[in-house]
Amino acid sequence: MARNRPLTVLIKPASSRCNLNCTYCFYLEKQSLYPWRTNPAMTLDTFRTFMDQYARVSSPYLTFAWQGGEPTMMGLRWFQEVVQAQIRAARAHAVLERGRTWELANALQTNGTLLDEEWARFFREYNFLIGLSLDGPPEWHDHYRVDRKGEGQHARVMRALELLRRFGAEFNVLCVVSAANVHRPRELLRYYTKLGIEHLQFIPCVEPQGGHHSGAVGSSDAIEFADYSITAEQYGDFLNGLFDAWMDVGFRKVRIRYFDSLLQMIVAGQPAVCHMAPACGYIVLEHNGDCYPCDFFVETEWKLGNVHETTIEAMLASDRFQQFTAMKPHLHPDCQVCPWRVLCHGECPRYRIIGTGAAEAQLSYFCASYKRFFGHTHKRLARTAETVRRDLDMPSLAYPLPAGGRHSSS
């Protein structure tokens, strides 16, 4: 099956199993699909079966994103075996394709509490990019990120950060923007820069009471949200404050994934993250070989198949996958005329569903956030993009931003 772009896979080797009990974790509810009493854990046979199929579909780029739950609960030895399986499969397919060069990339998202020196050495040796969850200083991080006893884990995360740094493992920090820290964007950035962290990612937190479900119905006015959730207005103000602080620090000194992705889109027209792309859909591999089209849609109605029974190639060609990929391009009429559409494309379907109960032709829960943000920042975004264009010696911007501030209303 010919593909126009490499296929990213997100792998849940331990399913939702985790050593922590973070209040806002949407994936913990997947115990209803994959009960912890069965000790969900991916076998090497399942990974090898998947690996062989994936290598045939995504050549020559193989990109693995390891998540959970907590993926390090699988143990270091298991990951050592996985890396060897990756190398063997890449070499075998390179021989089949007459020496074609293959590129392996591994990224792993972790709460950091189980890391030790051996893990740090392993990550450095095999060039894993580590995403370390850190929601700010102890009073914010420990508000929702707790263990089974309700105890905060900030000190253990800081130990993991120092281990990764000492052994030279590449890492960035992921911050969940929740009710605990949404009002403190400048303080957050100042905290991270004092720690010497140069690569950051921020993700907004919003969940209905009782957990997330892709088939939730109703409107955002009728839905009751969990107390850790943030409003669209709060997130817009957060982005504005964070961007202002980022400009003060210098866009070359600190890399913030969303802002970098915006610049990449404006300059080159290439989305770096799925929620900014015109269409979305990738492969999520659960511990037992079950596959889904998105991490937010690991639900029975969206199951694509199992790698022991159906090939990835067949899953990607299936009606169900095509149905999923067709959801995002079906935009709300307001999106069709929105000046910021090329930087948003209607956002993630998950946030359309949370806000309205449907994905097609609906506005995202965070639509007002982005209008607020682009209205506040578009002139500086345009100037920064022009600087990047000159640095890269590109002839023109792929998406010049509209002039004026008339689109700033939320």
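As the structure is a computational prediction, the values presented were derived from the model and not from experiment.

1. Focus: the overall build of the protein
- The number of helices and strands found in the protein is 13 helices and 10 strands.
- For 410 residues, the compact-globule formula gives about 22 Å, and the C-alpha radius of gyration of the protein, at 21 Å, lands near that figure.
- Sorting the 410 residues of the protein into buried and exposed places 54% on the buried side.
- Put simply, 70% of the contacts in the protein that link residues at least 6 apart link residues at least 24 apart.
- Accessible area of the protein: about 18,000 Å², with a carbon and sulfur share of 48%.

2. Remarks on helix 13 (residues 367-392)
- Across its 26 residues, helix 13 extends only 31 Å between first and last C-alpha, which sits more than 12% below the 38 Å expected from 1.5 Å per residue.
- Maximal helix bending in helix 13 amounts to about 60 degrees, located at threonine 377.
- Of the residues flanking the end of helix 13, it is aspartate 393, one or two places downstream, whose phi is positive at about 55 degrees.

3. Comments concerning the environment of histidine 287
- Looking at where histidine 287 falls in the secondary structure, it is placed in the loop between strand 8 (283-286) and strand 9 (290-292).
- Residue histidine 287 is classed as buried on the basis of its relative accessible area, which comes to 10%.
- Measuring from C-alpha to C-alpha, the distance between histidine 287 and arginine 257 comes to 28 Å, with 30 residues separating the pair along the chain.
- Contact partners of histidine 287, with chain neighbours within four places excluded, come to Lys12, Pro13, Ser15, Tyr34, Pro40, Ala41, Met42, Thr43 and Thr46.
- Side chain to side chain, histidine 287 and glutamate 286 meet in a polar contact 3.0 Å long.

4. Looking at the packing of helix 8 (residues 257-268) against helix 13
- Contact geometry for helix 8 and helix 13: axes closest at 9 Å, N-to-C directions at 65 degrees. Every pair of crossing elements has a handedness; the one defined by helix 8 and helix 13 is right-handed. Each of Tyr258, Phe259, Leu262, Leu263, Ile266 and Val267 in helix 8 lies in contact with helix 13, whose residues at this interface are Tyr370, Phe373, Phe374, Leu381, Thr384, Ala385, Val388, Arg389 and Leu392.
- Grouping the constituent residues of the contact of helix 8 with helix 13 by class yields 13 nonpolar, 1 polar and 1 charged.

5. Here's the deal with the side chain of serine 16
- Relative to the helices and strands, serine 16 resides in the loop between strand 1 (8-12) and helix 1 (44-58).
- Serine 16 gets classed as buried once you look at its relative accessible area, which sits at 0%.
- At a separation of 2.8 Å, a polar atom in the side chain of serine 16 contacts the side chain of tryptophan 36.
- Excluding anything up to four places from it in sequence, serine 16 contacts Tyr27, Leu28, Lys30, Gln31, Trp36 and Gly69.

6. Some thoughts on the pattern of salt bridges
- Tallied over the full model, the rule gives 16 salt bridges.
- Here glutamate 207 makes a salt bridge to arginine 350, at a shortest N to O gap of 2.1 Å. You can see glutamate 207 sitting in the loop between strand 6 (199-204) and helix 7 (232-249) and its partner arginine 350 sitting in helix 12 (residues 349-356), a full 143 residues away along the chain.
- Residue classification places glutamate 207 among the buried positions, given a relative accessible area of 4%.
- Among the residues examined, arginine 350 registers a relative accessible area of 3% and is labelled buried.

7. Examining the pairing of strand 8
- Burial along strand 8 is two-sided: Ile283 and Leu285 and Val284 and Glu286, pointing in opposite directions, are all buried.
- Where strand 1 lies against strand 8, 4 bridges are found, and the strand directions are parallel. Pairing of isoleucine 11 across the sheet is with leucine 285, part of strand 8.
- Across 2 bridges, strand 8 lies against strand 9 in antiparallel orientation.

8. Here we look at the confidence of the model for the protein
- Overall, the predicted model of the protein reaches an average pLDDT of 91, with 92% of residues at or above 70.
- pLDDT under 50 marks residues 214-219. Its contacts with residues more than four places away, or in other chains, come to 14 contacts.
- This stretch, residues 404-410, has a pLDDT under 50; its non-local contacts, to residues over four places away or in other chains, come to 12 contacts.

9. What about the packing of helix 7 against helix 8?
- Between helix 7 and helix 8, whose axes approach to 11 Å, the crossing angle comes to 80 degrees. Classed by the angle they form, the pair helix 7 and helix 8 counts as roughly perpendicular. Residue-level inspection shows Leu239, Leu242, Phe243 and Trp246 of helix 7 in contact with helix 8, the latter providing Tyr258, Phe259, Asp260 and Leu263.
- Within the contact of helix 7 with helix 8, the residues separate by chemical class into 7 nonpolar, no polar and 1 charged.

Procedures and definitions
Residues numbered from 1 in each chain as written. Predicted model: local features only at pLDDT ≥ 70, side-chain atom pairs only at ≥ 80, totals over all residues. Heavy atoms only, no water. Helix = DSSP H or I, 4+ residues; strand = E, 2+ residues; numbered from the N terminus. Rg over C-alpha atoms; globule rule 2.2 N^0.38 Å. Buried < 20%, exposed > 50% of the residue type's maximum accessible area, 1.4 Å probe, protein only. Contact = heavy atoms within 4.5 Å. Areas by Shrake-Rupley, 256 points an atom, 1.4 Å probe, with all protein chains shown as cover. Expected span 1.5 Å × (residues − 1). Bend = angle between axes of the 7 residues up to and from the residue. Polar contact = N/O pair within 3.5 Å; in protein donor to acceptor, adjacent residues only side chain to side chain. Axes fitted to C-alpha atoms, helices over the stretch in contact; angles between N-to-C directions. Left-handed = near helix turned anticlockwise from the far one by under 90°. Nonpolar A, V, L, I, M, F, W, Y, C, P; charged D, E, K, R; others polar. Salt bridge = Lys/Arg side-chain N within 4 Å of Asp/Glu carboxyl O. Pairing = 2+ DSSP bridges. pLDDT = per-residue confidence, 0-100. Parallel < 35°, antiparallel > 145°, perpendicular 65-115°, else oblique.

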